[in-house]
Amino acid sequence: MPVAVEPTSAPRTPRQRPAPRPAARRRPAGRAHGLWPYALIAPAIGGMLYLLVYPLVRAVLISFQDFRLRQLISGNAEFVGLRNYRTLLADPRFWEVVRRTFLFMAVNVVLIMVIATLVALMVERLRRVGRTVVLCSLVLAWAMPVVAATTVFQWLFHSEFGIVNWALTSLGLDSFERYPWFANGTAAFAILVTLIVWQSVPFAAITLYSALTTVPLELYESARLDGAGAGRIFRSVTFPMLRPIFLLVFSLEVIWTFKAFVQIWVMTRGGPGDATTILPVYAVQTALSSQRYDLGSAASMVTVVLMSGVLVLYFRQMFRQEDETR
């Protein structure tokens, strides 16, 4: 009887692996390739050094030299150490200008921060159409050139053709007929404050409104459920959440008002008398009228130091409060 033979399976051939692909060649990190990012930012750094750092260093050097019209032409200036600073600090007019500068800065910054905060809170509560109209108006006011806005304010308060005098006279206030606003020190100071505030509020208000949109609505709803009013919500919810932005806006407004020169120089040139003279105007007056460029540079350096001191003190206070709340 034949025996069935089970067919044997074909021998398995070993599975061949695919040939490895040649590895991609890496570009050698040469010296030129490593310096390429620095070459791209070199023009910006060079422009910044030339436009910002060089004038600052030059002003510092002049403040330590006997630098007048003769030295400006010949270039041979003698170093006199701290003599210019001693002369400046011994001038009673300088200290009066310093006091007026801090008063001018404090009034402007307080008004700007208060009005900008109120405007930002108002814009947040408006509907879409009203919000768009208000924001567009703020942007247009902010975009107006400084000299153009200053000229408009000069026309508004002109003694003979100004709209302000005409409006007040029309209301029965005959004492304001041809009233010389810029001949009165207090009136000129108030007009400049109004101008600075009007120019600064749009930027601050738009920045604060942008920050307000990042506050979660759940925090407001929880505060209202706890019975908190509008003032309590602002103190306990809004302001703590926006404290870094408030710090930023405050710092920028301090710098903006501390160095307000164009508006004052175009409108009053520091007059009448010294009623609107602050440190930047005082520095230019000293350099141009007396041709004492050394004293003008020293006054500019004192301005920079005082402005930096105000910002450092405020930063320290804010950081201390943040550490206490943690």
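Residues numbered from 1 in each chain as written. Predicted model: local features only at pLDDT ≥ 70, side-chain atom pairs only at ≥ 80, totals over all residues. Heavy atoms only, no water.

Undergrad: It is not clear to me how the overall build of the protein should be interpreted in this structure. Could you clarify?
TA: Scanning the protein for helices and strands turns up 14 helices and two strands. The buried share of the protein, reckoned over its 326 residues, is 34%. For the protein, the proportion of contacts with a sequence separation of at least 24, taken over those separated by at least 6, is 67%. As presented, the protein carries roughly 21600 Å² of accessible surface, and 65% of it is formed by carbon and sulfur atoms. (Helix = DSSP H or I, 4+ residues; strand = E, 2+ residues; numbered from the N terminus. Buried < 20%, exposed > 50% of the residue type's maximum accessible area, 1.4 Å probe, protein only. Contact = heavy atoms within 4.5 Å. Areas by Shrake-Rupley, 256 points an atom, 1.4 Å probe, with all protein chains shown as cover.)

Undergrad: Explanation requested: the environment of I278 in the structure shown.
TA: In this structure, I278 sits in the loop between α12 (262-267) and α13 (279-289). Linking I278 and T303, residues 25 residues apart in sequence, is a C-alpha distance of 9.7 Å.

Undergrad: Mind showing me how you'd approach the environment of R269 here?
TA: Mapped onto the fold, R269 is located in the loop between α12 and α13. Distance in space between the C-alpha atoms of R269 and V284 is 9.9 Å, their sequence separation being 15 residues. The contacts of R269, once residues within four sequence positions are left out, are I264, V281 and Q285.

Undergrad: Help me understand the packing of aromatic side chains in this model?
TA: The way to describe two aromatic rings as a pair is by their centre distance and the angle between their planes. The final tally for this structure, using the stated rule, is 18 aromatic pairs. Ring centres of F157 and W181 lie 5.4 Å apart, and the angle between their planes is 80 degrees; on these two criteria the pair is classed as edge-to-face. With F157 in the loop between α6 (146-156) and α7 (163-170) and W181 in the loop between α7 and α8 (185-212), this residue pair connects regions lying 24 residues apart in the sequence. The exposure classification of F157 matches that of W181, with both residues buried. Pairing Y179 with W181 gives two aromatic rings, centres 4.9 Å apart and planes at 75 degrees, and the pair type is edge-to-face. Ring-pair connections join several aromatic residues into one group, and the members of that group are F153, F157, F176, Y179, W181 and W198. (Phe/Tyr/Trp six-rings, centres within 6.5 Å; stacked < 30°, edge-to-face > 60°.)

Undergrad: What am I meant to see in the packing of helix α4 (residues 92-125) against helix α5 (residues 128-143) here?
TA: When two helices pack together, their arrangement is given by the angle between the helix axes and the distance between those axes. Interhelical geometry of α4 versus α5 gives an angle of 145 degrees and a closest axis separation of 8 Å. Judged by the twist between their axes, the crossing of α4 over α5 is left-handed. Two secondary-structure elements touch here, α4 through V119, M122, V123 and E124 and α5 through R131, V134, L135 and L138. Residue composition of the contact of α4 with α5, grouped by class: six nonpolar, no polar and two charged. (Axes fitted to C-alpha atoms, helices over the stretch in contact; angles between N-to-C directions. Left-handed = near helix turned anticlockwise from the far one by under 90°. Nonpolar A, V, L, I, M, F, W, Y, C, P; charged D, E, K, R; others polar.)

Undergrad: Teacher, can you tell me more about the side chain of N84 here?
TA: Checked against the element boundaries, N84 lands in helix α3 (residues 83-89). Separated by 2.8 Å, the side chain of N84 and the backbone oxygen of Q65 make a polar contact. N84 has contacts with I62, S63, F64, Q65, R292, D294, L295 and A298, leaving out every residue within four places of it along the chain. (Polar contact = N/O pair within 3.5 Å; in protein donor to acceptor, adjacent residues only side chain to side chain.)

Undergrad: What am I meant to see in the nonpolar core here?
TA: With 64 residues, the main nonpolar core has L88, F94, F104 and V254 as its most contacted residues. With residues up to four places along the chain from it excluded, the contact list for F104 reads F189, L192, V193, I196, T257, A260, I264 and I278. (Core = buried A, V, L, I, M, F, W, Y, C linked by side-chain atoms within 4.5 Å.)

Undergrad: Sorry, what's going on with the side chain of S200 here?
TA: Along the chain, the position of S200 falls in helix α8. For S200, a relative accessible area of 3% corresponds to the buried category. With residues up to four places along the chain from it excluded, the contact list for S200 reads I112, E253 and W256.

Undergrad: Explanation requested: α8 in the structure shown.
TA: Structurally, the α-helix is built with 3.6 residues per turn, so residues lying three or four positions apart point the same way. Compared with an ideal rise of 1.5 Å per residue, which puts 28 residues at 40 Å, α8 spans 39 Å between its outermost C-alpha atoms and is within 8% of the ideal. For α8, a buried count of 20 out of 28 residues is recorded, marking the element as mostly surrounded by other parts of the structure. Measuring from the side-chain oxygen of the N-cap residue of α8 to the backbone nitrogen of T186 gives 3.0 Å; that N-cap residue is N184. (Expected span 1.5 Å × (residues − 1).)

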